[in-house]
Structures are given as C-alpha cells and as structure tokens.
Amino acid sequence: MTTTQVSFEQLKLKLGHYFTAEEQDYVFPLLLAWAGCSDQAIFWFNNELIPAFGNISALSFCENAHTKAFIEYIKSAQLGGYA
C-alpha cells in the first residue's frame with residue numbers, strides 16, 4: 001500500500017462516517033494535499049476554527065448535519081475563495 005493509500009485509509013477511519021464514498025474521494029485528497037499528511041488533516045478538521053462557520057471546527061459543522069455545506073466551502077477554497 002502506498003503512503004497516499006495509507007493516509008486515505010486513516011482519514012476514512014477517523015472522518016469517513018461524515019461523508020459518502022463519493023464525497024470521501026473528493027474531500028480526502030484535498031485535505032491531504034493542503035495539510036501534508038493524514039494526522040495534520042485530522043487535526044485541522046477537529047480543531048481549526050473556521051470563521052465562515054461561525055468560528056466552529058469542520059468537525060462540529062459536520063456533526064450538526066452540515067456536511068454538504070462543508071464540501072461547498074472547501075470547493076470554494078479550492079477555487080481560490082477565502083478560507
């Protein structure tokens with residue numbers, strides 16, 4: 001298994017229940033590219049306060065059934081929008 005595959009699997013274990021398989025295929029590679037590794041991606045998801053979400057973490061946002069809005073947020077960031 002490659003490093004990328006291992007990192008993807010780590011994200012799937014920790015964050016997978018918030019996303020469908022299709023969403024994971026989109027979100028996880030972005031998080032890995034931005035964070036550099038699965039540990040940092042998970043830390044960011046769990047701890048970084050996001051002003052666009054009212055200064056709550058992505059974890060809190062997704063726990064409150066806003067996964068689709070989170071995906072729209074990262075799509076915007078990927079296209080150069082404010083993060």
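### Thoughts on the overall build of the protein
For step 1, the next point in the chain: Per the secondary structure count, the protein includes five helices and zero strands.
For step 2, the next point in the chain: For the protein, the succession of helices and strands along the chain, N to C, is α-α-α-α-α.
For step 3, the next point in the chain: Counting over 83 residues, the protein shows a buried share of 37%.
For step 4, the next point in the chain: Long-range contacts, defined as pairs at least 24 residues apart, comprise 45% of the intrachain contacts of the protein with a sequence gap of at least 6.
For step 5, the next point in the chain: In the structure as shown, the protein presents an accessible area of about 5200 Å², 55% of it carried by carbon and sulfur atoms.
For step 6, the next point in the chain: Both charge centroids of the protein, one from 4 positive and one from 8 negative side chains, sit 4 Å from each other.

### A closer look at the packing of helix 2 (residues 21-35) against helix 3 (residues 38-47)
For step 1, the next point in the chain: Two elements in contact, helix 2 and helix 3, have axes separated by 8 Å at closest approach and are oriented at 100°. Taken as axis vectors, helix 2 and helix 3 run roughly perpendicular relative to one another. Residue-level inspection shows Leu31, Leu32 and Ala35 of helix 2 in contact with helix 3, the latter providing Ser38, Gln40, Ala41 and Trp44.
For step 2, the next point in the chain: Across the contact of helix 2 with helix 3, the residue classes break down as five nonpolar, two polar and no charged.

### A few points about the packing of aromatic side chains
For step 1, the next point in the chain: By the definition in use, this model includes ten aromatic pairs.
For step 2, the next point in the chain: Summarising the aromatic geometry, the rings of Phe53 and Phe61 are spaced 3.7 Å apart at their centres and angled 0° between planes, so their arrangement reads as stacked. Phe61 shares its class with Phe53; the two are buried.
For step 3, the next point in the chain: Through a chain of ring-to-ring contacts, three or more aromatic side chains come together here, namely Phe8, Tyr18, Phe19, Phe28, Trp44, Phe45, Phe53, Phe61, Phe70 and Tyr73.
For step 4, the next point in the chain: Cation over ring: Lys75 sits above Tyr26, and NZ or CZ is 5.7 Å from the ring centre.

What counts and what doesn't
Residues numbered from 1 in each chain as written. Predicted model: local features only at pLDDT ≥ 70, side-chain atom pairs only at ≥ 80, totals over all residues. Heavy atoms only, no water. Helix = DSSP H or I, 4+ residues; strand = E, 2+ residues; numbered from the N terminus. Buried < 20%, exposed > 50% of the residue type's maximum accessible area, 1.4 Å probe, protein only. Contact = heavy atoms within 4.5 Å. Areas by Shrake-Rupley, 256 points an atom, 1.4 Å probe, with all protein chains shown as cover. Lys, Arg positive; Asp, Glu negative; His and termini not counted. Charge placed at Lys NZ, Arg CZ, Asp CG, Glu CD. Axes fitted to C-alpha atoms, helices over the stretch in contact; angles between N-to-C directions. Parallel < 35°, antiparallel > 145°, perpendicular 65-115°, else oblique. Nonpolar A, V, L, I, M, F, W, Y, C, P; charged D, E, K, R; others polar. Phe/Tyr/Trp six-rings, centres within 6.5 Å; stacked < 30°, edge-to-face > 60°. Lys NZ or Arg CZ within 6 Å of the ring centre and 35° of its normal.

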